Amino acid sequence: MTSGLRVLVAASSIAFMVYCTRYAYSMMMPYMMQDLGLNYAQAGLIYSSYMSIYLVAALFIGFLVDVRDLRLVILTFLPLFAVGNALMAAASSLWTASLFFGIAGLGASVGWVPTTLWVQRRFPERRGTYLGILQLSCNLGFGTLGLLLPVALPVLGWRGVWMVLGVISAVWLIPITAMTKGATAPVRSDMSITRYLAEFRSVLRNRAFWLGGGSYMAASFAIMTPLTFSADYVKYLGIGEVWESMVFTVIAFVGIAGALVIPPLSDRIGREKALALNNTIMMVGLAGSAIARSFLSLIIWTVAVGVSYGGVWVLYAALVRDIYGSGVAGGVMGAWTLIGGLGLLLSPFVGGLLIDILGGYTAPYLLSAALAIISIPLAFMAKKLGPGRTR
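Residues numbered from 1 in each chain as written. Predicted model: local features only at pLDDT ≥ 70, side-chain atom pairs only at ≥ 80, totals over all residues. Heavy atoms only, no water.

Visitor: Looking at this structure, I do not really get the overall build of the chain. What am I missing?
Guide: Secondary structure assignment for the chain yields 13 helices and zero strands. Secondary structure elements in the chain, listed N-terminal to C-terminal, are α-α-α-α-α-α-α-α-α-α-α-α-α. What you see for the chain is a C-alpha radius of gyration of 19 Å, in line with the 21 Å of a compact globule of 391 residues. Principal-axis analysis of the C-alpha atoms places the extent of the chain at approximately 55 × 40 × 40 Å. Each of the 391 residues in the chain was classed as buried or not, and the buried ones make up 61%. (Helix = DSSP H or I, 4+ residues; strand = E, 2+ residues; numbered from the N terminus. Rg over C-alpha atoms; globule rule 2.2 N^0.38 Å. Buried < 20%, exposed > 50% of the residue type's maximum accessible area, 1.4 Å probe, protein only.)

Visitor: Please explain the layout of surface pockets as it appears in this structure.
Guide: The probe, sized like a water molecule, is rolled over the atoms to show the empty space still left. Each pocket or cavity is described by its volume, and for the largest pocket that value is around 220 Å³. At the level of elements, helix H1 (3-36) and helix H6 (127-178) are the ones that each hand at least two residues to the lining of the largest pocket. Ranked by residue count, the leading element in the lining of the largest pocket is H6, at 10 residues. (1 Å grid on protein atoms, 1.4 Å probe; cavity = no way out; pocket = protein on both sides within 12 Å on 5 of 7 lines; lining within 4 Å. Points joined across faces, edges and corners; volume = space filled by probe spheres on them.)

Visitor: Explain the pattern of salt bridges here, please?
Guide: When their charged atoms lie close together, side chains carrying opposite charge are able to pair. Tallied over the full model, the rule gives five salt bridges. Of the charged contacts in the structure, one is a salt bridge between Arg-127 and Asp-322, with a shortest N-O distance of 2.7 Å. Residue Arg-127 is found in helix H6, and its partner Asp-322 is found in helix H11 (residues 295-324); the two are separated by 195 residues along the sequence. Across the pair, exposure class does not vary: Arg-127 and Asp-322 are buried alike. Across the pair Glu-199 and Arg-195 runs a salt bridge whose closest N-O atoms are separated by 3.3 Å. Taken together, the residues span about one helical turn, with Glu-199 and Arg-195 both in helix H7 (residues 193-204) at a distance of four residues. Here the salt bridges do not stand alone but share partners, grouping Arg-127, Asp-267, Arg-271 and Asp-322 into one network. (Salt bridge = Lys/Arg side-chain N within 4 Å of Asp/Glu carboxyl O.)

Visitor: Explain helix H3 (residues 70-87) here, please?
Guide: Residues lying three or four places apart along an α-helix face the same way, a consequence of the helix completing one turn every 3.6 residues. For H3, built from 18 residues, the straight-helix expectation of 26 Å at 1.5 Å per residue is met to within 8% by its first-to-last C-alpha distance of 27 Å. Its maximal kink placed at Phe-77, H3 deviates by approximately 30°, while the proline Pro-79 follows within four residues. Of the positions making up H3, those classed as buried are Leu-70, Arg-71, Val-73, Ile-74, Phe-77, Leu-78, Phe-81, Ala-82, Gly-84 and Asn-85. The N-cap residue of H3 is Asp-69: its side-chain oxygen and the backbone nitrogen of Arg-71 are 3.1 Å apart. (Expected span 1.5 Å × (residues − 1). Bend = angle between axes of the 7 residues up to and from the residue. Polar contact = N/O pair within 3.5 Å; in protein donor to acceptor, adjacent residues only side chain to side chain.)

Visitor: Is there a simple way to explain empty space enclosed by the protein in this structure?
Guide: Considering all chains together, one arrives at two cavities of 30 Å³ or more under this definition. Taken together, Tyr-19, Arg-22, Tyr-54, Leu-55, Trp-112, Tyr-216, Ser-220, Trp-313, Thr-337, Gly-340, Gly-341 and Leu-344 make up the lining of the largest cavity. Those elements that provide at least two residues to the lining of the largest cavity are H1, helix H2 (40-67), helix H8 (207-236) and helix H12 (329-358). Per-element accounting of the lining of the largest cavity gives the leading share, four residues, to H12.

Visitor: Please clarify how the side chain of Ser-266 should be interpreted in this entry.
Guide: Tracing the sequence through the fold places Ser-266 in helix H9 (residues 246-269). Judged by relative accessible area, Ser-266 falls into the buried class, the value being 2%. Not counting chain neighbours up to four residues away, the residues in contact with Ser-266 comprise Gly-128, Arg-271, Ala-274 and Leu-315. (Contact = heavy atoms within 4.5 Å.)

Visitor: Please explain helix H13 (residues 362-385) as it appears in this structure.
Guide: Look at H13: 36 Å from first C-alpha to last across 24 residues, which is about the 34 Å you get at 1.5 Å a residue. For H13, the set of buried residues is Pro-364, Tyr-365, Ser-368, Ala-369, Leu-371, Ala-372, Ser-375, Ile-376, Leu-378, Ala-379 and Ala-382.

Visitor: Help me understand the packing of H8 against H9 in this model?
Guide: Two packed helices can be described by the angle between their axes and the distance between those axes. Running from N to C, H8 and H9 cross one another at 140°; their axes reach a closest spacing of 8 Å. With respect to H9, the element H8 is oriented oblique. Between H8 and H9, the contacting residues are Pro-226, Leu-227, Ser-230, Ala-231 and Val-234 on the first element and Val-247, Phe-248 and Ile-251 on the second. Residue classes in the contact of H8 with H9 are distributed as seven nonpolar, one polar and no charged. (Axes fitted to C-alpha atoms, helices over the stretch in contact; angles between N-to-C directions. Parallel < 35°, antiparallel > 145°, perpendicular 65-115°, else oblique. Nonpolar A, V, L, I, M, F, W, Y, C, P; charged D, E, K, R; others polar.)

Visitor: I keep staring at the nonpolar core and nothing clicks. Help me out?
Guide: Within soluble globular proteins, side chains that are nonpolar tend to cluster in buried spots. Tyr-25, Phe-101, Trp-112, Trp-162, Tyr-309, Val-332 and Trp-336 are the most contacted members of the largest nonpolar core, which has 129 residues in total. In terms of residue count, H1 provides more of this core than any other element does, 20 residues in total. Among residues more than four places away in sequence, those in contact with Trp-112 are Tyr-19, Tyr-54, Leu-134, Gln-135, Cys-138, Tyr-216, Trp-313, Val-314 and Met-333. (Core = buried A, V, L, I, M, F, W, Y, C linked by side-chain atoms within 4.5 Å.)

Visitor: Explanation requested: the packing of aromatic side chains in the structure shown.
Guide: The description of an aromatic ring pair rests on the distance of the ring centres and on the angle between the ring planes. Scanning all chains against the criterion turns up 20 aromatic pairs. Arranged with centres 3.9 Å apart and planes meeting at 10°, the rings of Phe-123 and Tyr-130 form a pair that is stacked. Both rings, one in Tyr-216 and one in Tyr-316, keep their centres 4.8 Å apart while their planes meet at 45°; by these two values the pair is tilted. A residue pair is termed long-range when its members are at least 10 positions apart, and Tyr-216 in helix H8 and Tyr-316 in helix H11 qualify at 100 residues. For the pair Tyr-216 and Tyr-316, a shared accessibility class is recorded, and that class is buried. (Phe/Tyr/Trp six-rings, centres within 6.5 Å; stacked < 30°, edge-to-face > 60°.)

This is the structure in structure tokens:
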């Protein structure tokens, strides 16, 4: 196995499990709500605990991988990811579930920023193409879970599923990462973290940073709505429980087509143009889902959402390096992840609040469609005003 393939397998394995377990909560949320006596806002708070810790940690992880060995940073945090998932099996209240999922979120903070940088360092000339391949593992992660959960839940229950996810994370991810070498050395290995942070202030003074982060936040809020509420939306439409995870499966596997087409296309037409195409498709899918009145119509509009899911995350990851180059790519991506994460945090809570108040799903989906469109001009302005380095 070549060094490039080993890097791709290790990074993809980490992303597979991180996204598998992240969206496991969304799929099992209705069952946990019933057993733990939670309302929608409280259920959203548990996910927000995961994301808040994940996002703050991702910021510092981004700083670290710019000046420290990337593989060692990943190996430091992966055990927490496995432990947190396993502990979710013992959750007995809102607060214990929030604590345990928060531990998982701390470990999961190495699941995106370091892996996207790892792949881009190893394949600098075709970053969109290979990031698209990395995205396949994310889609396969929760797509596979969507197929298995209807079978696993009646046998294991949601507690058993969490325990299995924790064990798999420990016995698979840690060894494969430890055995993989290549493209892990930082670009600025001679720089102290203190000096790096001092120089990073110049990035914060550039408007491109805030415009790009705002675009990322809007798109993150938008795509998180169907990923959070689709299972319960299906229940709302009166479909049997066996179909509740089907929407996630559609997003995941249709997203494979999006990941194989739109990110590679961005290598040819430019990242911002590909992002405009991707987020327009997202808007169409969300707006259509808002007015869906049957399971079939929801699935049809979800196809568009799935295509956009396949491209959205990796396009922003590649855009960071297009604008800022490789020297601060980890720090900027970590910071954008924190800013974009405000959308991920707000989407479950705001969406759940709107559902509790209005009793339906039209409002949160329409709000998300509007934010998907708003994200496009912000990305164009970020690319125009940034330094414009592509190496």
